[in-house]
Amino acid sequence: MKNIIMIMSDSLRYDHIGALGNDWIKTPNLNSLASQSVVFENAYPEGLPTLPVRTALFTGNYTLTNRFWQGLVPQDVTLAEILDEHGYVNGLITDTYHLAKPNMNYHRGFHCFDWIRGQESDAWNVGPNKFDLKKYSKPAIYDTVAYRLLDQYLRNLSLIDWRNPEERYAAQVRRSAVNWLQQAKTTGRPFFLHVDFFDPHEPWLPPEPYNTMYTDPDYDGAEIINPKGGPSDWMTPQELKYTKAMYAGVVSHVDHEIGRLLDSIEQMGLLDDTYIIFLADHGHPFSEHGIMLKDARNLYNELLKIPLMVRFPQKEHAGKRISSLAQTVDIAPTILSLLSLEKENRYMQGESLLPLINGERDKIYDFVVSGFFNIQDRCLRNEKYSFIYRDNAPNELYDQENDPAEKRNLCAELPEIAKEMENAIPRTFWVRMQKEHGLQNHWPIEGTEKTFFPPERYWKK
């Protein structure tokens, strides 16, 4: 049986990797991996953000209809648990601290797991904050969640030499993963390792030399490394440029650590017996449509389009590009198919992507749907168009081939296509199933206004 190494990088934009079209950010290691891999050019998450994506990744099942910010439930069957039944030894290494929170249970099925502490607002250090908090902020952020999160993050960094890349969390994740692989080799069993880098998730304060790699040396404004979400009109163009440069620095830093991990895998002689899957959970908006961060209304390419690469043993299929649609929910069934365990896919909603790789099928999906469980807006995509259904605003339609930046809304010009795509969104992907129901015995009454049923009420935990 072959080994599986899955590498996740949180909030890494598709268009910030050189091999996927970026011309200014240094990502030599991901570029090299792409040249050795099958690259999916139209891969998207279904339910966002961080935790729903991991649930879909680990279970092969959709979350948009029934999950939001929660962990695995007892009824879930995970990829790690399935592989355990087939003799695999499983490891989880991550600094994505949400996975380690009480009751999340994302370590289920893993024989070993290592939580690297300190990212974002991880409740790790209650001691003094050695940083000048206001240096990395401005009054528009004071008294917001973003400001409190930044305070905790800088408190955590106060415990380490943050300028030293060897002490940063991505380096710790890489070292832990290498140590685990060295141990796994001694078991004589096939293994599954999931390495989950939280970088380049915000806040963005990369170590040296990445903290000045892309910034303007003459910039003397606010060093905003953790902007608040929503409309970005509180930021000046210079501040936005600085923030984007800091994000790019973290991208290059995590690329470096992924490269060191891949080098160690090669030095251990594992490449010829191991499938390596690399992906992100989602991207990250930087005001391309006037909105910062992972806002549920921002259902555009900068958030939804993700990198997805599959490196085969001995570089089989290297360099192949697939433009057909793929989803995060497809990863688990694809892995099982690669291991000739297709029968375990029976109760997964995702589809194996192996027929696309082997050239047995041209496409699996006519369209995919993405969105956030707790808001009504939805994005439906096919290989030509992206359609965004809005709950309280005009709908949007974009030509992905001629307008990948999604700037020209074609709803008025192509109303039939817009209506066809709106009608293609499954009703269960529009409504939220965990909600308070009104009348259960419902039927149309003549003369009354027709509305969606069940009643439209925002889900609250």
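Calculation notes
- Residues numbered from 1 in each chain as written.
- Predicted model: local features only at pLDDT ≥ 70, side-chain atom pairs only at ≥ 80, totals over all residues.
- Heavy atoms only, no water.
- Buried < 20%, exposed > 50% of the residue type's maximum accessible area, 1.4 Å probe, protein only.
- Helix = DSSP H or I, 4+ residues; strand = E, 2+ residues; numbered from the N terminus.
- Pairing = 2+ DSSP bridges.
- Contact = heavy atoms within 4.5 Å.
- Axes fitted to C-alpha atoms, helices over the stretch in contact; angles between N-to-C directions.
- pLDDT = per-residue confidence, 0-100.
- Parallel < 35°, antiparallel > 145°, perpendicular 65-115°, else oblique.
- Nonpolar A, V, L, I, M, F, W, Y, C, P; charged D, E, K, R; others polar.
- Polar contact = N/O pair within 3.5 Å; in protein donor to acceptor, adjacent residues only side chain to side chain.
- Salt bridge = Lys/Arg side-chain N within 4 Å of Asp/Glu carboxyl O.

**Student:** Before we move on, can you summarise the pairing of strand 8 (residues 274–280) with the specific residues and values?
**Tutor:** The element strand 8 is extensively covered by neighbouring structure, given that 7 of its 7 residues are classed as buried. One ladder, built from 7 bridges, connects strand 1 (residues 3–9) with strand 8; its direction is parallel. The residue bridging Ser9 from the neighbouring strand is Ala280, located in strand 8. In terms of strand pairing, strand 8 meets strand 10 (residues 306–311) through 4 bridges, oriented antiparallel. Of the residues in strand 10, the one forming a bridge with Leu279 is Leu308.

**Student:** Please give an account of the sheet that holds strand 15 (residues 385–389) that cites residues and values.
**Tutor:** The strand order across the open sheet built from 5 strands is 3-13-14-15-16, with neighbouring strands paired in mixed fashion. For this open sheet the edge positions go to strand 3 (47–48) and strand 16 (396–399), each flanked by a neighbour on one side alone. Looking at chain direction, strand 15 and strand 16 are connected through 4 bridges and run antiparallel. Note that in strand 16 the partner of Phe387 across the bridge is Leu397. Against the sheet, helix 10 (residues 415–424) contacts strand 14 (378–381), strand 15 and strand 16, and its axis sits at roughly 65° relative to strand 15.

**Student:** I'd like to hear about the confidence of the model for the protein chain, residue by residue, with values.
**Tutor:** For the protein chain, per-residue confidence averages 93 on the pLDDT scale, and 93% of positions sit at 70 or higher. For residues 449–461, every residue scores under 50 in pLDDT, and the model assigns this stretch 25 contacts once sequence neighbours within four places are set aside.

**Student:** Give me the pairing of strand 16: which residues, what numbers.
**Tutor:** By the alternation rule, side chains of strand 16 split into Glu396 and Tyr398 and Leu397 and Asp399, which are all buried. Once strand 15 ends, the chain turns through 6 residues before running back antiparallel as strand 16.

**Student:** So what about the packing of helix 1 (residues 28–35) against helix 6 (residues 237–267)? Which residues, and what values?
**Tutor:** One way to put it is that helix 1 packs onto helix 6 with a least axis distance of 7 Å and a crossing angle of 50°. As summarised for this structure, helix 1 and helix 6 are arranged oblique, according to the angle between their axes. Note on element contacts: helix 6 touches helix 1 through Asp255, His256, Ile258, Gly259 and Leu262, opposite Pro28, Asn29, Leu30 and Leu33. The residue inventory of the contact of helix 1 with helix 6, partitioned by class, reads 5 nonpolar, 3 polar and 1 charged.

**Student:** Any details on helix 8 (residues 331–338)? Residues and values, ideally.
**Tutor:** Where burial is concerned, most of helix 8 is hidden: 8 out of the 8 residues are buried. Residues of helix 8 that are buried include every one of Ile331, Ala332, Pro333, Thr334, Ile335, Leu336, Ser337 and Leu338, and no others. Ser340 occupies a position one or two residues after helix 8 and carries a positive phi of about 60°.

**Student:** Go over the side chain of Asn129, please, and point to the residues and values.
**Tutor:** Among the secondary structure elements, Asn129 is positioned in the loop between strand 5 (112–115) and helix 4 (145–157). A distance of 2.9 Å separates the side chain of Asn129 from the backbone nitrogen of Phe131, its partner in a polar contact. Separated by 3.0 Å, the side chains of Asn129 and Asp151 make a polar contact. With residues near it in sequence (within four places) discarded, Asn129 still touches Asp151, Leu154, Arg155 and Ser158.

**Student:** Can you lay out the pattern of salt bridges for me, pointing to particular residues and giving the numbers?
**Tutor:** Summed over the entire model, instances satisfying the criterion amount to 27 salt bridges. Among the ionic pairs, Glu41 bridges to Arg321, the shortest N-O distance being 3.4 Å. With Glu41 in strand 2 (residues 38–44) and Arg321 in strand 11 (residues 321–322), this residue pair connects regions lying 280 residues apart in the sequence. Looking at Arg321, the relative accessible area reads 39%, which means it is partly exposed. Linking Glu396 and Arg390 is a salt bridge whose minimum nitrogen-to-oxygen distance equals 2.9 Å. A relative accessible area of 8% means that Arg390 is categorised as buried. Each of Glu166, Arg174, Arg175, Glu257 and Arg260 takes part in one network of salt bridges that share partners.

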